[in-house]
Amino acid sequence: MQALHTAATGMAAQELNVEVISNNIANLRTTGYKKQTAAFQDLIYEHIRRVGAQASDQGTILPVGVDIGGGVKTVGTPRSMTQGTLSQTGNDLDLAITGEGFFKILMPDGTFQYTRDGTFQMDNQGRIVTVGGNLVQPSITVPNNASGLTVNAQGQVSVTLPGSTSSTIVGQIGLTRFINKAGLLPVGNNQFTDTPSSGPPQDGLASVEGYGTITQGSLEQANVDVVSEMSDLIAAQRAYEMNAKVISAADQMMQSTTALFR
C-alpha cells in the first residue's frame, strides 16, 4: 500500500525537522549563532487521471484529475541571517557587528573563515586572535606596554602608549560581506567558509556603505526565539504522530483485506 511509504517519508521529514529545532535550542546561548529551518517539498505524483485530458468523444475536458502524491522530501536547511540582539560584557576585546559583515579569520592552513562571534583575545605576542588562537584580519599587534585599548565603530583599534596623553591607532579590524550570506558553509566553532552559492568575499571597512558597524564591549547573541522554537517543536511532534497513525491505519487495512481473500 502506497500510504505506508508516503507516511514513512513524512515521519523521516519530521524527524529531521526535530533535529534542526533541537540544534537551534542547543545553541540558544551561542554567540553569533544563526538559526536554521527545515524546508520541504512534495514528491513526484502518480497521475491516474491527468487534469486537462479529454473526457469524452465530444471533446469535453477533465476539470480536475486524480493525482496520488508520493510523500515529502527535505530540500534544505536554510539559515536565517537576521541580526541578533547585543549583550554588553564590558570586555575590551568583545566586539559585536550591527548590520552586514563578518569578521575575517586567518586559519593555520592559510585559508580564511568568517564569523559573527567577536569574542576575541590577545596572544603572547600581543596579536588579536579568536578564542581558538587564530588571527583576526587584518592582523593587529598591540604593544605590550600600551593601555586603554579602544575599538571605535569603524573598527579602528587605538591604545595609549607610555609618555603620551593621546591615543594612537595601531590597526583597523575589517569586515567581509557576501552577496548571499545564507550560502555560507558552517564549519563549526562559530565560523563559516565561502561557497559558490555565497559568492566571493567582499572585504571592506565597518561604517562604510553596505557594511555594518562595530560595538566594543558587546557580543551578538543567537537569533533564536525560544518561544517560536518550542511551538515548532510541538507542531513537528504532532505531525510525526499523525504520520505514525497513518502507518498503523494502513497496516490494519492491509490485514483486513488479506483476511477477506483467505
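Anything mentioned here points back to the structure above.
Predicted, not measured: the structure shown is a model, and the values here were computed from it. (Residues numbered from 1 in each chain as written. Predicted model: local features only at pLDDT ≥ 70, side-chain atom pairs only at ≥ 80, totals over all residues. Heavy atoms only, no water.)

**Thoughts on the sheet that holds strand β13 (residues 156-160)**
Thought 1: In spatial order, the strands read β12-β13-β14; together these three strands make up an open sheet with antiparallel pairing. Here the strands that pair on one side only, and so sit at the sheet edges, are β12 (147-151) and β14 (167-172). The average undirected angle you get between the axes of adjacent strands in this sheet is 25 degrees.
Thought 2: As judged from the three bridges shared by β12 and β13, these two strands associate in the antiparallel manner. In the strand pairing of β13, Ser147 is matched with Thr160. (Pairing = 2+ DSSP bridges. Helix = DSSP H or I, 4+ residues; strand = E, 2+ residues; numbered from the N terminus. Axes fitted to C-alpha atoms, helices over the stretch in contact; angles between N-to-C directions.)

**Looking at the packing of aromatic side chains**
Thought 1: Applying the stated criterion across every chain, the model contains four aromatic pairs.
Thought 2: Ring centres of Phe103 and Phe120 lie 5.0 Å apart, and the angle between their planes is 80 degrees; on these two criteria the pair is classed as edge-to-face. Highlighted residues: Phe103 in strand β7 (residues 103-106) and Phe120 in strand β9 (residues 120-122), separated in sequence by 17 residues. As far as the burial class goes, Phe103 and Phe120 line up, both buried.
Thought 3: The aromatic ring of Phe102 is capped on one face by Arg116, whose charged end is 6.0 Å from the ring centroid. (Phe/Tyr/Trp six-rings, centres within 6.5 Å; stacked < 30°, edge-to-face > 60°. Buried < 20%, exposed > 50% of the residue type's maximum accessible area, 1.4 Å probe, protein only. Lys NZ or Arg CZ within 6 Å of the ring centre and 35° of its normal.)

**A few points about the environment of Val157**
Thought 1: Tracing the sequence through the fold places Val157 in strand β13.
Thought 2: Measuring from C-alpha to C-alpha, the distance between Val157 and Gly171 comes to 5.3 Å, with 14 residues separating the pair along the chain.
Thought 3: When neighbours within four sequence positions are excluded, Val157 is seen to be in contact with Ile128, Ile140, Leu149, Thr150, Val151, Thr168, Ile169, Val170, Gly171, Gln172 and Ile173. (Contact = heavy atoms within 4.5 Å.)

**What about the pattern of salt bridges?**
Opposite charge on two side chains makes pairing possible when the charged atoms of those side chains draw close.
Thought 1: This model, assessed by the stated rule, comprises seven salt bridges.
Thought 2: Residue Lys34 pairs with Glu220 through a salt bridge whose shortest N-O separation is 2.6 Å. Of this pair, Lys34 sits in the loop between α1 (2-26) and β1 (39-42) while Glu220 sits in strand β20 (residues 218-220); the two residues are 186 residues apart in sequence, bridging distant segments of the chain.
Thought 3: Residue classification places Lys34 among the buried residues on the basis of a relative accessible area of 1%.
Thought 4: Put simply, Arg238 and Glu241 hold a salt bridge, and the shortest N to O gap is 3.8 Å. Of this pair, Arg238 and Glu241 both sit in helix α2 (residues 226-260), three residues apart, which is roughly one turn of that helix.
Thought 5: The structure contains a network of salt bridges with shared partners spanning Lys34, Arg116 and Glu220. (Salt bridge = Lys/Arg side-chain N within 4 Å of Asp/Glu carboxyl O.)

**Things to note about the environment of Ala222**
Thought 1: As for its position among the elements, Ala222 is in the loop between β20 and α2.
Thought 2: The buried category is assigned to Ala222, whose relative accessible area is 10%.
Thought 3: Those residues in contact with Ala222 that lie beyond four places of it in its chain are Asn27, Leu28, Thr30, Gly32 and Tyr33.

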